[in-house]
Amino acid sequence: MACLFRRSIAAQLSKVLGTSTEKLIPMVSAVPVSKKQQTLDFRISVNSVLEKGCLRSGSTVQSQARQLSEQLTCDDVVTEIAVGQGTINFKVNRSLLAELVMQEISKKGSKYGIESELFQGYPCGRVIVEFSSPNIAKKFHAGHLRSTIIGNFIANIKQALGNDVIRINYLGDWGTQFGLLGAGFQLFGSEVKLKANPLQHLFEVYVEVNKMAETNEDIHKAGQEFFKKLEGGDEHSLRLWQQFRSISIEEYKKIYQRLGVHFDEYSGESFYQEKTQEILWLLDQKGLLKKTMQGTGVVDLSPNGDLSAYAKVLRPDGTTLYLTRDIAAAIDRMEKYNFDQMIYVTDKEQCSHFQQLFGVLKIMGYNWTERAFTGHFCRCRHVPFGLVKGMKTRKGDVVFLEDVMNEARSRMLQNMAASKTTKELEDPEGTAEKVGVAALIIQDFKGPLLSDYEFDWDRVLQSHGDTGVFLQYTHARLCSLQRTFENRIEEQFNPACLQDPQAIALLQHLLRYDEVLFQVSEDLQPKHLVNYLIMLSRLASIAHRTLHVKGSLSEVAMARYLLFKGTASVLSNGMKLLGITPVEKM
Ligand code: ARG
C-alpha cells in the first residue's frame, strides 16, 4: 500500500537525483493527519535529501525545494505536487488510496504495518527481555507494575518484528532478607495462612520480623543464622526457602495472567549464588579484583586506573552483592542463549547499576555487551523509566499487584454500571478488568518512559480523552457495527464511495501505521503508538458519526463497513502490541 506510493514517489525523485530508489524510499513519509485542515498524503524533507548528499548544496532549501518539485511530474499515482516548508508534498490518486489501504489491511491482517518496506533488512535475532522481577516477601510496588507492562510491550514489539524473544522474570529471591524471613516464619508463620494467601502472609511475617529485629538482638542473630544455613546448603532451611519461592511464583502467575503477561523463565538472584564465586575467581585471575581500605572487593572503572570510579562486587565479610549476581547472570545467559540483544527494564534509579554492570563485563573482555545490534543500540541495553507517585487503593498504599488490578476492575465496573449495554454483557467483571488494564497501560505509556507521573484513578478511568477506556470503547463500537452488518452487505468494494473528507482522513492515518511501528522499534517508546491509536479512535468516532452505514445505498454502505472493519483491525493490532486485550462489547 504505502509501498506502491512511496516507491512511485521515490522512483520519480530517483530519476532527477540519480540516487537509487531503494535509498530514497525511507525518506518518503506519510503526512500526519490534522483535525483542523486537510493535508496532502506524503512528503519528503528536502534537507534529508540534501544531507544524504543527494542534492547539490549552495542555494537555500526553499529554492531547492522549488527547483526539485519543478522537475517532478504527476502521473497515475501522484496527482498533485506542492512545495511546503522545506518539503515537497504529494497527493496520491484518491481511488488508489482507498483501494490499496483497504486491500492491504484485509490481506495482511495482524501483519499490517509490519510487513512493510520500512522493515526490509531489519535485523532479527534472539532477544532476551528481562522485566517485572519483584522481590519475594517484599512490596510489589508501582515500579514493578511499570516494569511488567513496559517489558511486556517491548517483548511484544520485538516478537511481532520476527525476533525470537525470551521473557525472563529475575526474582529477588536471595539475600539476607531470607534469613530474617525464615527465622520469622519459624517463630510465627502459619502453614495454613501460607497456603491461603501466600504473598500476603510472607509480607506480614517479613514486616513483623523486621520490626522485632530492630529492638531484639536475638532475632537479628537468628536471621543471620538462618541465612548462613541457607548459604551453607542446609536441607531444612533450603526446603522452606524453596517453598516460599515456588508458592510465590504460583501466585504471581495468576496475576500476570490477569494482566495478559507470561514469562518463559522464572529466574532469580538465587540461581547465581554459586556462580558469583567463579566470577570473583575470574576477576582475580585477570587482576581486576581490587581491595579498598575497608576491605571491599571492587572493580576499577575509572578511565585513569585511579579508583575514582569503581563497582563493588564483594563485601568485607565475604558476601556478594546484587551486582555480582547480575554479572554472573549476564555471562550465564550469553552462554545459554547466545542472545543478539538483552534488554533490562527497571526504574531509572538503577541506571548506574546497569552502567556498572556493562562496564565490568566490558573490562572482563566480554565485548558482546557493546557490539551494535539494531541501529546505534548496544547488545546489552537498559531501558529505564520514571517513578509513579501516589498510586493508592481505597485500602491505602499499594502492596500487591493484585490490589491495583482489583481496584481498577471494581472502579471500572462501577462506571460501567451506568450504561445500559453493560447489563447485556455475559461477563461484566472480565470486561471491566480488560478495560481497567487498558486504562492503566495507556496512562502509563502516554508520556516518555523516563518521565515521572502522578497517579490519579479518576483521570485514568475517564471514558473520553486520551484514555484506555476511550480506545476500548471505540473498539467495541466498531465491533458492534460489524456484528450488525456482517451478513447483510453483499457488494463489490467501490473506492469511489470512500471519498468524503472523514474517510480520507482515516485512510491517510491508516497509511502511517508502519512508520509509527518503525519509530517504536527504534526507540522502544510506546507513546508513539499510543498517540497514534488515540488519533485513530478520534478519527473513527468522527467518521462513525458522519458516514452512516445504516440507511446508505448498499454500495456506499459496503465501502464504509469495510473502512470501519479495517480501522477496528488496526486498532486491535495496536492495542494488543501495547499489552491490551481489546473488548468486543462493553
Ligand atoms: N528485583 C529488583 C528490584 O526489585 C529488580 C531486578 C532487575 N533486574 C536485574 N537484572 N537487576 O529492584
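Look above for the structure.
Description of the structure in this document. Everything quoted here is computed from the prediction, not taken from an experiment.

**Here we look at the packing of aromatic side chains**
Each aromatic ring pair is characterised by the separation of its centres together with the angle its planes make. Inspection of the entire model under this criterion finds 21 aromatic pairs. Pairing phenylalanine 140 with tyrosine 252 gives two aromatic rings, centres 6.5 Å apart and planes at 50°, and the pair type is tilted. Placement of phenylalanine 140 in the loop between β5 (126-130) and α6 (142-160) and of tyrosine 252 in helix α11 (residues 235-259) is noted, with a sequence separation of 112 residues between them. Residue phenylalanine 140 shares its accessibility class with tyrosine 252, and that shared class is buried. Consider the rings of tyrosine 513 and tyrosine 532, whose centres lie 5.4 Å apart with planes at 40°: the pair is tilted. Pair noted here: tyrosine 513 is in helix α21 (residues 513-523) and tyrosine 532 is in helix α22 (residues 527-546), with a separation of 19 residues, a long-range link. The pair tyrosine 513 / tyrosine 532 is uniform in exposure class, with both members buried. Among the aromatic residues, ring-to-ring pairing joins Phe131, Phe140, Tyr252, Tyr256, Phe263 and Tyr266 into one connected group.

**Observations concerning the sheet that holds strand β11 (residues 341-347)**
Pairing is parallel in the open sheet, where 5 strands are placed in the order β7-β6-β5-β11-β12. The open sheet has two edge strands, β7 (265-268) and β12 (380-385), and neither has a second partner. Across the sheet, the mean angle from the axis of one strand to that of its neighbour is 25°, orientation sign disregarded. Where β5 meets β11, 4 bridges bridge the pair, whose relative direction is parallel. The residue of β11 that forms the bridge with glutamate 130 is tyrosine 344. Seen against the sheet, α11 touches β6 (164-171) and β7 and runs at an angle of roughly 135° to β7. Helix α14 (residues 351-363) rests against β11 and β12 of the sheet, and its axis sits at about 175° to β12.

**Here we look at the site of the ligand**
Close contacts around the ligand come from Glu130, Ser133, Asn135, His144, Tyr170, Tyr322, Asp326, Tyr344, Thr346, Gln350, His353 and Phe354, and that covers them all. For the ligand, a nitrogen atom lies 2.8 Å from a polar atom in the side chain of glutamate 130. Within the contact set of the ligand, a nitrogen atom lies 2.9 Å away from a backbone nitrogen or oxygen of serine 133. In the complex, 90% of the free accessible area of the ligand, which totals 350 Å², lies under the protein chains. When residues of the shell around the ligand are traced back to their parent elements, those giving at least two are α13 (322-337), β11 and α14. Residue composition of the shell around the ligand, grouped by class: 4 nonpolar, 6 polar and 2 charged.

**A closer look at the nonpolar core**
The nonpolar side chains of a soluble globular protein tend to be buried with one another. Core analysis: the biggest nonpolar cluster contains 156 residues, and Phe42, Ile154, Leu510, Leu529, Leu533, Leu563 and Leu578 have the highest contact counts within it. No other element matches the 13 residues that helix α23 (residues 554-578) contributes to this core. If we skip the residues at most four places from it in the chain, leucine 510 touches Val101, Ile105, Tyr112, Tyr532, Leu536, Leu563, Thr567 and Val570.

**Here we look at the sheet that holds strand β10 (residues 310-314)**
Here we have 3 strands laid out as an open sheet, ordered β8-β9-β10, and antiparallel in their pairing. In this open sheet, the two strands that pair with only one neighbour each are β8 (289-291) and β10. Across the sheet, the mean angle separating the axes of adjacent strands is 45° when strand polarity is ignored. In this structure, strand β9 (residues 297-300) lies alongside β10, joined through 4 bridges in antiparallel fashion. In the sheet register, valine 299 faces β10, and the bridge partner there is alanine 311.

**Considerations on the pairing of β9**
Looking along a regular strand, one sees the side chains alternate between the two faces of the sheet. What you see with β9 is no split at all: Gly297 and Val299 on one side and Val298 and Asp300 on the other are buried throughout. The sheet contact formed by β8 and β9 spans 3 bridges and is antiparallel. Counted as the bridge partner of leucine 289 is valine 299 from β9. The hairpin formed by β8 and β9 contains 5 residues between the paired strands, and glycine 295 there has a positive phi angle of roughly 90°.

**Re the environment of leucine 180**
The topology assignment puts leucine 180 in helix α7 (residues 177-188). The class for leucine 180 is buried, based on a relative accessible area of 14%. For the pair formed by leucine 180 and isoleucine 343, sequence separation is 163 residues and the distance between their alpha carbons is 32 Å. Leucine 180 has contacts with Val209, Asn210, Ala213, Ile219 and Gly223, leaving out every residue within four places of it along the chain.

**As for the packing of helix α15 (residues 401-417) against helix α17 (residues 428-445)**
Orientation of α15 relative to α17, taken along the N-to-C sense of each, is 110°, at an axis distance of 8 Å. By the criterion of interaxial angle, the relationship of α15 to α17 is roughly perpendicular. Of the two possible hands of crossing, α15 and α17 adopt the one that is right-handed. For the pair α15 and α17, contact is made by Val404, Met405, Ala408, Arg409, Met412, Leu413 and Met416 and by Pro428, Glu429, Thr431, Ala432, Glu433, Val435, Gly436, Val437 and Leu440, respectively. Looking at the contact of α15 with α17 residue by residue, the classes come out as 11 nonpolar, 2 polar and 3 charged.

**Quick look at the packing of α22 against α23**
Look at α22 against α23: their axes get within 10 Å of each other, and the N-to-C directions meet at 155°. Between α22 and α23, the interaxial angle falls into the category roughly antiparallel. Relative to α23, α22 is oriented so that their crossing is left-handed. Together, Leu529, Val530, Tyr532, Leu533, Leu536, Ser537, Ala540, Ala543 and His544 of α22 and Phe564, Thr567, Val570, Leu571, Gly574, Met575, Leu577 and Leu578 of α23 make up the contact between the two elements.

**Some details on unusual backbone geometry**
One non-glycine residue, serine 132, lies in the positive phi region at around 75°. Mapping serine 132 onto the fold places it in the loop between β5 and α6. We note that alanine 137 has phi near 75°; this positive angle belongs to a residue other than glycine. According to the relative accessible area criterion, alanine 137 is buried, its value standing at 7%.

Thresholds applied
Residues numbered from 1 in each chain as written. Predicted model: local features only at pLDDT ≥ 70, side-chain atom pairs only at ≥ 80, totals over all residues. Heavy atoms only, no water. Phe/Tyr/Trp six-rings, centres within 6.5 Å; stacked < 30°, edge-to-face > 60°. Helix = DSSP H or I, 4+ residues; strand = E, 2+ residues; numbered from the N terminus. Buried < 20%, exposed > 50% of the residue type's maximum accessible area, 1.4 Å probe, protein only. Pairing = 2+ DSSP bridges. Axes fitted to C-alpha atoms, helices over the stretch in contact; angles between N-to-C directions. Contact = heavy atoms within 4.5 Å. Near = heavy atom within 4 Å. Polar contact = N/O pair within 3.5 Å; in protein donor to acceptor, adjacent residues only side chain to side chain. Areas by Shrake-Rupley, 256 points an atom, 1.4 Å probe, with all protein chains shown as cover. Nonpolar A, V, L, I, M, F, W, Y, C, P; charged D, E, K, R; others polar. Core = buried A, V, L, I, M, F, W, Y, C linked by side-chain atoms within 4.5 Å. Parallel < 35°, antiparallel > 145°, perpendicular 65-115°, else oblique. Left-handed = near helix turned anticlockwise from the far one by under 90°.

Function cannot be inferred from these measures alone, as they are strictly geometric.
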